[in-house]
Amino acid sequence: MLIIPVKEGENIDRALKRFKRKFDKTGTMRQLRTRQQFTKPSVKRRAVIQKAQYIQSLRDQEEI
């Protein structure tokens, strides 16, 4: 549970913005979205490998 103390005389929009930022850092929504459907471990590994290949190709292009 996130607790955002609202300071005396603080604008509610500013407090809401701090709440949203803190909520994004916790990764709650990201975790909920991944749990909506089951992903096989082999598919997860393949995605990680593809991401690594993509990043490596970007770094190789940068060196050229």
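What comes next concerns the included structure. Note that the coordinates shown come from a computational prediction; the quantities given were computed from them, not determined experimentally.

Conventions adopted
- Residues numbered from 1 in each chain as written.
- Predicted model: local features only at pLDDT ≥ 70, side-chain atom pairs only at ≥ 80, totals over all residues.
- Heavy atoms only, no water.
- Helix = DSSP H or I, 4+ residues; strand = E, 2+ residues; numbered from the N terminus.
- Rg over C-alpha atoms; globule rule 2.2 N^0.38 Å.
- Buried < 20%, exposed > 50% of the residue type's maximum accessible area, 1.4 Å probe, protein only.
- Areas by Shrake-Rupley, 256 points an atom, 1.4 Å probe, with all protein chains shown as cover.
- Lys, Arg positive; Asp, Glu negative; His and termini not counted.
- Charge placed at Lys NZ, Arg CZ, Asp CG, Glu CD.
- Patch = residues over 30% accessible without salt bridge, like charges linked within 9 Å, V, L, I, M, F, W, Y side chains within 5 Å.
- Salt bridge = Lys/Arg side-chain N within 4 Å of Asp/Glu carboxyl O.
- Polar contact = N/O pair within 3.5 Å; in protein donor to acceptor, adjacent residues only side chain to side chain.
- Contact = heavy atoms within 4.5 Å.

### Comments concerning the overall build of the protein chain
When helices and strands are counted, the protein chain shows three helices and zero strands. Moving toward the C terminus, one meets the helices and strands of the protein chain in the order α-α-α. Its C-alpha atoms give the protein chain a radius of gyration of 19 Å, clearly above 11 Å, the size a compact globule of 64 residues would have. Principal axes of the C-alpha set define a box for the protein chain whose edges measure 55 × 35 × 10 Å. Across the 64 residues of the protein chain, 6% fall into the buried class. As displayed, the protein chain has an accessible area near 6,600 Å², and 54% of this comes from carbon and sulfur atoms. In the protein chain, 17 side chains carry a positive charge and 7 a negative one; their mean positions are 10 Å apart.

### Here's the deal with a nonpolar patch on the surface
Taken together, the side chains of Tyr 54, Ile 55 and Leu 58 present a nonpolar region at the surface, about 280 Å² in accessible area. With respect to the helices, strands and loops of the structure, Ile 55 is situated in helix α3 (residues 41-63). By relative accessible area, Ile 55 is classed as partly exposed at 32%.

### Quick notes on the pattern of salt bridges
Within the structure shown, the criterion is met by one salt bridge. Residues Glu 10 and Arg 18 are paired through a salt bridge, measuring 3.1 Å at the closest nitrogen-oxygen approach. A relative accessible area of 24% means that Arg 18 is categorised as partly exposed.

### A short note on a positive patch on the surface
A cluster of like positive charges, contributed by Lys 7, Arg 14, Lys 17, Arg 21 and Lys 25, occupies part of the molecular surface. In this structure, Lys 25 sits in helix α1 (residues 12-26). For Lys 25, a relative accessible area of 70% puts it in the exposed group.

### Looking at the side chain of Glu 10
Structurally, Glu 10 is set in the segment before α1. Side-chain polar atoms of Glu 10 contact the side chain of Arg 18, separated by 3.1 Å. Sequence-distant contacts of Glu 10, defined by excluding residues within four places in its chain, comprise Pro 5, Ala 15 and Arg 18.

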